[in-house]
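Read off the chains here:
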Amino acid sequence: MKIAIASPDLYTYGSMVIGGVLESAGFDVTLTKDPDAATATDADIILLSLYSTLHLLDERIRNFASVSRGNKTIYVGGPVSAYPEIVLGELDVDAVIIGEGEESTIELLENGVSEDISGIAFRSDGEIVRTEPKPADIARPMPLIPDDIQNQSIRGANVYIETHRGCIGACGFCQVPKFFGTKIRSRDIVDIVMELKEFKHRGVRRIAISGGTSSLYQYGNRKSVNVNAFIDLLQAIAGVMGPRNVSVPDIRVDYVSEEMLHAIRDYTMGWVYYGIESGSDRILKEMRKGVDSEANIHAIELAQQCGVKVGGSFIVGYPGETIEDYQLTKDLIEDMFLDDIFVSIAEPIPGTHLSELVLKTDDSENPTFMEHGGEYRALKLTESEARCFDLTLHAQMCKSVPSILTDQLYNACLDDARAQGRDVRAVTRLLQKYRRG
Ligand code: SF4
C-alpha cells in the first residue's frame, strides 16, 4: 500500500519516525512538506502531520482536506491529535490518530477505522467515536529521512531528535505530559547514536535535543535526575556531531546541577534554555510551574558561574496577570543579564489547564482581548500584545550584550507582538467554539 505523509512547512521528527515505522512494516512511504504534493502522488492514503492548533485554521490546509484531497483517505496525527473533536470538527478528514501513533497507525492502515483500534477518533452516525491511546514502544526502526533535510532550519538545527518521552512537570500551558505521559521512557543510547550517524550521513549538520526537559533522560530508573546518564548522553552525541553542532534547548530549573552544566558547556554549543515564564511567584503558581523565582534565579546564576550562556523564555498575558506581576517579570529580566530572551503571549492549547482557565475568563478580563490603555495606546494593541511588545524591547536592552534600538528592531518587535496576539485570539475563539457543557 502506498502512503504519503504530509508535514506542512517542516519535516517534524514525529513525521520522520512514523515514516520509518511504516517503511519497516512494508508500506511504500513518501514524506513531503507540501500537502498538495502528497495529493499529486499515487498514494492510497495521506497521513497529515499537524503540530500547531493554527494548522486547523489555515485555509491552505482546510482546502487541502476538503477539496484537493480528491477521493484519497486522510488521517491526521501529531500534537493536534490531543483534541480530536476539534480536528474532526474543523477538517474534513477520515480519522485522527491520537497521541503516539507508531502502533495505531499501522493497525489503522491495515484495517481501516474500527472501535477495536486503540488511540483513534472518527465520525460514526454523526457521533465522534474515540478510543483510548496506549504508549508506544520507544524502540523503533530508523526514521525516514528526506533527501533535503540538510536545508531545514528549526531555530538553527536541522532536526530535533528525541532522547526520551514524557515529563514529570505539570506546567498549565504545556501539553507534553498529557501527550507523552508523566512517566519518563528513555531511548537506548546505542539507538540514539545509530540514528544520529544516519542523520549525519544524510547531510544533517546541527541537531537539537527535544523531549520536554532534556535532563530527565533516564530519570525513571532512580526517581531522581540521572546525572551520569545525562552526561554520557551528551558526550555520545557530541562524539558523532561535534560539540558545537549540538544544542540542549529546554531544561527545567529544578532539574539541573553543576555537573550537568559543565557537560553542557563541554559537549554542546554551551547554551541552556530555561522556561522562566514570569518574575511573579503568584503567576508561577497559577501556571503550575512547580518552582518559584528564587529557584529560577539560582539556576540562572549557577549556569552563569559554570560558563554556560543562558536563554530564558517568558510568557505574558496569563489570565490574572496584573500590572504588578508583569512589572516583577521586567525587574527579573533587568537583574539577570540573560544572554537571550524569548517572549510569548500565553496560548491556550486545547486540553491544557490554561485552556480551562481561559474558558472561565470573560473576554473583558482576558489580556488577550482587553484593549491596552497605557503607554502604547496609540498603537491600538491588546494588553497581551502591549506586554509582549514592551517586554521584548525591554529584554533587548537588558541582555548581557544589549541591542541598539533601531527602527528595524522596534518594528520587528511590534510585528511579532501583533502576530502573536492575532494567533492567540484565533486559538481562543476556536477553543470557545468547542467549549463543553
Ligand atoms: S517542564 Fe517543560 S515539558 Fe515539562 S510540563 Fe513544564 S513546560 Fe512542559
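Structure: see above.
Trainee: Please clarify how the sheet that holds strand S4 (residues 73-77) should be interpreted in this entry.
Mentor: Consider a sheet: its strands pair through backbone hydrogen bonds, and that pairing is either parallel or antiparallel. On the basis of which strands lie adjacent, the open sheet formed by seven strands has the order S2-S1-S3-S4-S5-S6-S7 and mixed pairing. The strands lining the two open edges of the sheet, one partner per strand, are strand S2 (28-32) and strand S7 (127-130). Each strand axis lies, on average, 25° off the axis of its neighbour in the sheet, ignoring direction. Sheet strands touched by helix H5 (residues 102-111): strand S1 (2-6), strand S3 (45-49), S4, strand S5 (95-97) and strand S6 (120-124). Its angle to S5, the strand with the most contacts, is close to 150°.

Trainee: Sorry if this is basic, but what is going on with the nonpolar core here?
Mentor: Looking at soluble globular proteins, one finds that nonpolar side chains tend to be buried together. Ranked by size, the top nonpolar core spans 92 residues in total, and within it Ile-207, Ile-237, Leu-261 and Tyr-274 carry the most contacts. Broken down by element, the residue count for this core peaks at nine residues, all from helix H8 (residues 227-241). Counting residues in hydrophobic clusters, the runner-up holds 27 residues, among them Leu-56, Phe-64, Val-76 and Tyr-83.

Trainee: Looking at this structure, how should I read helix H9 (residues 258-267)?
Mentor: Owing to its 3.6 residues per turn, the α-helix aligns residues three or four sequence positions apart on the same side. For H9, the full list of buried residues reads Met-260, Leu-261, Ala-263 and Ile-264. The arc enclosing the buried residues of H9, seen along the axis, measures out at 155°, which places them on a common side. Elements in contact with the buried residues of H9: H8, strand S12 (246-251), strand S13 (271-277) and helix H11 (293-305).

Trainee: Quick question: what am I supposed to make of the pattern of salt bridges here?
Mentor: Where side chains of opposite charge bring their charged atoms close, a pairing between them can arise. Considering all chains together, one arrives at 26 salt bridges under this definition. Among the ionic pairs, Glu-100 bridges to Arg-165, the shortest N-O distance being 2.6 Å. Taken together, the residues Glu-100 in the loop between S5 and H5 and Arg-165 in strand S9 (residues 164-165) connect sequence positions 65 residues apart. For Arg-165, a relative accessible area of 6% puts it in the buried group.

Procedures and definitions
Residues numbered from 1 in each chain as written. Predicted model: local features only at pLDDT ≥ 70, side-chain atom pairs only at ≥ 80, totals over all residues. Heavy atoms only, no water. Pairing = 2+ DSSP bridges. Helix = DSSP H or I, 4+ residues; strand = E, 2+ residues; numbered from the N terminus. Axes fitted to C-alpha atoms, helices over the stretch in contact; angles between N-to-C directions. Contact = heavy atoms within 4.5 Å. Core = buried A, V, L, I, M, F, W, Y, C linked by side-chain atoms within 4.5 Å. Buried < 20%, exposed > 50% of the residue type's maximum accessible area, 1.4 Å probe, protein only. Arc of directions from axis to C-beta. Salt bridge = Lys/Arg side-chain N within 4 Å of Asp/Glu carboxyl O.

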